[in-house]
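Reading the structure
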Amino acid sequence: MEIRTVPTAPIAGQKPGTSGLRKKTRVFMEPHYLENYVQSIFDGIGGVQGKTLVLGGDGRYFNDRASQVILRMAAANGAAKVIVGQNAILSTPAASHLIRSRGTDGGLILSASHNPGGEDADFGLKYNTPNGGPAPEGVTDRIFEATKALSEYRIAVAQDVDLSTLGTTRLGELEVEVVDPVADYAVLMEQLFDFDAIRALFASGFTMRFDAMHAVTGPYAREILENRLGAPAGTVVNATPSPDFGGGHPDPNPTWAKELFDLLMSDDGPDFGAASDGDGDRNMVLGRHAYVTPSDSLALLTAHAHRAPGYREGLKGVARSMPTSAAVDRVAAALGIACYETPTGWKFFGNLLDAGRATLCGEESFGTGSDHVREKDGLWAVLLWLNILADTRQPVKALLEDHWRTYGRNYYSRHDYEDVETEKANALYDGLRAKLGSLPGQSFAGLTVATADEFAYDDPVDGSRSERQGLRIGFADGGRVVFRLSGTGTVGATLRVYLEALETDPSRLDRNAGEALSDIARAADEIAGIKAHTGRQAPDVIT
Ligand code: G1P
Ligand code: ZN
């Protein structure tokens, strides 16, 4: 097999963000773009000579072509073996599981998660370490350094590998094992949850709709929910993955999964609804007339996890990202377990999970997971909910209201201002950062600022420090607003404003979240000048 060494030059901007490198698909398809980045990953992790890697993606446009390039480059760089999902498909949690269960040297995941797919949409590539989790900052920094020093890449000259047939083939010296993307993952779920109890729940007439949003979870949800758990055929909708996700935006939230949301809010909807994103790591959970915020979901799952066999022994601790509401903190306090507050992005949970300090983790951005893998896991969260529903035989709404009565309710909402001109977003953000020190004691929209700081995280396991992780402002009445700039966008800047207010008065637990948070939203605008800086009168997406 001929190996070519191709001269190249560094390409600016190949900096991994919150979750790997994300760019417009057409950018990834430019000459040398993908190849440069793959070689930089290989160089950044000390080469792949003799190593075994996992490879797969969410099936979006260019997933197939990019996978063939990566295989040829792995062969040219001396890798021993690549384990690939059939047709180069693997959900992110399934990839994480394979990396771990097969004892590999890590893996490459092709995905831009919930960003739309297609030739004119988004693409992404991320390296996960041997623990199955997204590369921590030390590793992504080395990859970024490698992109800036690159002068050549190596690639084999070869025909495409047949990735449609299960089994082992070769690409020169490289062994390529094509595996069923669903099988191992489904077995793991059977180990964690009481499938008999969930089967009995469905047999009793319990109804559900799972919206796979034309993305990667379709085959996983069909196999597990319909084939193994006996949910009626048709429970999983939009179950066939497509390269452009059916032209949609595969983000499971009330805006992008509106049809499911509206169905569950109607009187004739099913008992339970759920959706997942492009690569299967996010989830949204709904009951009839009940929307479960991701922050509440984490808190409720923490309170009830012992009902599932995999968590019967109790939880070692929990972790949430800083902008996620503090709902889980009070459950952790009641359980007497540790609760960690990390920066945004799943990579920060890895050390806590590896060190046995946390069992469950979650983010407000529709991400929940546990130490069974090192990624968030959409279907896992849905199955834990089903296990809890099977055990309690209570409607979602009743469980949620009971939870609020016990622990109080954190009204919560995130306002996203998308595709803001980068200079305007930076001006807003830097301006706010500069005046943080002067805010305490001042009042905005009738609320007095008690604290204002920029979040930095000291990892308790490896001692590393991550600075500049969001601006947070606490009000005297316990409310909070957080400002962050997104690290996953591909054009312009996205400003995220996270609003939160704790309510413990039992007579005020069933308010509309928008109303309950209206003062804080006004204060946020007065403090940061959102309208003035962005020219926007309202957020683009409210979740
Ligand atoms: C967003 C979410 C974050 C999540 C990430 C990857 O990142 O906010 O919680 O981990 O996507 O799914 P952001 O765009 O805010 O940097
Ligand atoms: Zn995702």
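Here's a quick rundown of the structure. (Residues numbered from 1 in each chain as written. Chains lettered and ligands numbered in written order. Predicted model: local features only at pLDDT ≥ 70, side-chain atom pairs only at ≥ 80, totals over all residues. Heavy atoms only, no water.)

**Remarks on helix H5 (residues 137-149)**
Our working rule: Elements are defined by DSSP. Helices are runs of H or I of four residues or more, strands are runs of E of two residues or more, and each kind is numbered from the N terminus. A helix is expected to span 1.5 Å for every residue after the first. For every residue, the accessible area (1.4 Å probe, protein chains only) is compared with the maximum for its type, and the residue is labelled buried under 20%, exposed over 50%, or partly exposed between those bounds. This arc corresponds to the set of directions leading from the helix axis out to the C-beta atoms. Contact definition: two residues touch when any of their heavy atoms are within 4.5 Å.
Helix length check: H5 (13 residues) gives 18 Å between terminal C-alpha atoms against 18 Å at 1.5 Å per residue, within 8%. Restricting attention to buried positions, one finds in H5 the residues Val139, Thr140, Ile143, Phe144, Ala146 and Thr147. Each buried residue of H5 lies within a common arc of 155° when the element is viewed along its axis, so the set occupies one face. Along its buried surface, H5 packs onto helix H2 (33-44) and strand S6 (122-128).

**Re the packing of helix H6 (residues 183-192) against helix H13 (residues 378-392)**
What counts is decided by this rule: Between the N-to-C directions of two axes lies an angle of 0 to 180 degrees, each axis being a line fitted to C-alpha atoms and, for a helix, fitted only over the stretch in contact. In what follows, roughly perpendicular refers to angles from 65 to 115 degrees, roughly parallel to angles under 35, roughly antiparallel to angles over 145, and oblique to any angle outside these ranges. By convention, the crossing between two helices is left-handed when the near helix turns anticlockwise from the far helix through less than a right angle, and right-handed when the turn is clockwise. Amino acids outside the nonpolar list (Ala, Val, Leu, Ile, Met, Phe, Trp, Tyr, Cys, Pro) and the charged list (Asp, Glu, Lys, Arg) are all regarded as polar, and Gly is one of them.
At their nearest, the axes of H6 and H13 sit 11 Å apart, and the two run at 30° to each other. Judged by the inter-axis angle, H6 sits roughly parallel to H13. Remark: the crossing between H6 and H13 carries right-handed chirality. Along its contact with H6, which presents Tyr185, Met189 and Leu192, the element H13 presents Leu379, Trp380 and Leu383. Here the residues of the contact of H6 with H13 are counted per class, giving 6 nonpolar, no polar and no charged.

**Topic: the pattern of salt bridges**
Threshold: Any carboxyl oxygen of Asp or Glu that lies within 4 Å of a side-chain nitrogen of Lys or Arg is treated as forming a salt bridge with it.
Inspection of every chain in the model, using the stated rule, returns 41 salt bridges. For Glu364, the salt bridge goes to Arg414, with nearest N and O atoms at 3.2 Å. With Glu364 in the loop between strand S17 (360-363) and strand S18 (367-370) and Arg414 in strand S19 (residues 409-420), this pair connects stretches of sequence that are 50 residues apart. In this structure, Glu364 and Arg414 share a single accessibility class: buried. Put simply, Asp430 and Arg433 hold a salt bridge, and the shortest N to O gap is 3.1 Å. Remark: Arg433 and Asp430 occur in helix H15 (residues 422-435); sequence separation between them is 3 residues, near one turn of the helix.

**Things to note about the sheet that holds strand S8 (residues 167-171)**
The condition that has to hold: Strands are treated as partners if at least two bridges between them are detected by DSSP.
Read across the sheet, 7 strands follow the order S2-S6-S5-S3-S4-S9-S8 without closing on themselves; strand pairing throughout is mixed. Taken across any chain shown, the strands that pair with only one partner, and hence form the sheet edges, are strand S2 (21-24) and S8. Across the sheet, the axes of successive neighbouring strands diverge by a mean angle of 20°, strand direction being ignored. Strand direction decides the pairing type here: strand S3 (residues 52-57) and strand S4 (residues 81-89), joined by 5 bridges, are parallel. What sits directly across from Val54, in S4, is Ile83. Taken strand by strand, H2 contacts S2, S3, strand S5 (107-110) and S6, and its axis lies near 15° from that of S6.

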